[in-house]
Amino acid sequence: MEQKKCNICGKIIREEQGLFKEDVLEVTKNWGYFSTKDMERHKFLVCETCYDKWISGFKIPPVVEDCTEAL
């Protein structure tokens, strides 16, 4: 089984029986006609530490809302 890794830092994401044992950001983007990546699908994982570093550089921060239950 191939190990999943954070695409930014390369950290191995712990996984058991197909389930992540730590939370990560999973991104899948299907690029469309008005892109230079027309008809490509890009997928990557970002660990929580790299996510925090990444969003700290955003000019407009993400909207953060409290959740009452985990999905």
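## Brief notes about the overall build of the chain
Helices and strands together make up the secondary structure of the chain, namely one helix and four strands. Computed over the C-alpha atoms, the radius of gyration of the chain is 15 Å, more than 25% above the 11 Å expected from 2.2 N^0.38 for a compact globule of 71 residues. By the burial criterion, 13% of the 71 residues in the chain qualify as buried. The contacts in the chain between residues at least 6 apart in sequence include a share of 29% that link residues at least 24 apart. A total of about 6,700 Å² of accessible surface is found on the chain, and carbon and sulfur atoms cover 52% of it. Computed over 11 positive and 13 negative side-chain charges, the separation of the two mean positions in the chain equals 6 Å.

## So, the side chain of Glu22
Take Glu22: it is sitting in the loop between strand 2 (19–20) and strand 3 (24–30). Side chain to side chain, Glu22 and Lys11 meet in a polar contact 2.8 Å long. Within the local environment of Glu22, its side chain forms a polar contact with the backbone nitrogen of Arg14, the two atoms lying 3.3 Å apart. In contact with Glu22, not counting residues within four places along its chain, are Lys11, Ile12, Ile13 and Arg14.

## Topic: the environment of Lys5
Looking at the element boundaries, Lys5 is found in the segment before strand 1 (15–16). Placed 40 residues apart in sequence, Lys5 and Leu45 show a C-alpha to C-alpha distance of 6.9 Å. Residues contacting Lys5, with those up to four places away along its chain left out, are Gly10, Lys11, Ile12, Ile13 and Leu45.

## Side note on the nonpolar core
Counting residues in hydrophobic clusters, the biggest one holds seven residues: Cys6, Ile13, Val24, Leu45, Val46, Cys47 and Cys50. With three residues, the single largest contributor to this core is strand 4 (residues 41–47). The contact partners of Val24, leaving out residues within four places of it in the chain, are Ile13, Leu45, Val46 and Cys47.

## Remarks on the packing of aromatic side chains
Under the definition given, this model contains one aromatic pair. On the basis of an interplanar angle of 80 degrees and a centroid distance of 5.5 Å, the ring pair of Trp54 and Phe58 is categorised as edge-to-face. The exposure class assigned to Phe58 is partly exposed, which follows from its relative accessible area of 35%. The ring of Trp31 carries the charged tip of Lys29 above its face, separated from the ring centre by 5.1 Å. Stacked on the ring of Trp31, the Lys or Arg Lys37 has its end atom at 4.8 Å from the ring centre.

Quick notes on the rules
Residues numbered from 1 in each chain as written. Predicted model: local features only at pLDDT ≥ 70, side-chain atom pairs only at ≥ 80, totals over all residues. Heavy atoms only, no water. Helix = DSSP H or I, 4+ residues; strand = E, 2+ residues; numbered from the N terminus. Rg over C-alpha atoms; globule rule 2.2 N^0.38 Å. Buried < 20%, exposed > 50% of the residue type's maximum accessible area, 1.4 Å probe, protein only. Contact = heavy atoms within 4.5 Å. Areas by Shrake-Rupley, 256 points an atom, 1.4 Å probe, with all protein chains shown as cover. Lys, Arg positive; Asp, Glu negative; His and termini not counted. Charge placed at Lys NZ, Arg CZ, Asp CG, Glu CD. Polar contact = N/O pair within 3.5 Å; in protein donor to acceptor, adjacent residues only side chain to side chain. Core = buried A, V, L, I, M, F, W, Y, C linked by side-chain atoms within 4.5 Å. Phe/Tyr/Trp six-rings, centres within 6.5 Å; stacked < 30°, edge-to-face > 60°. Lys NZ or Arg CZ within 6 Å of the ring centre and 35° of its normal.

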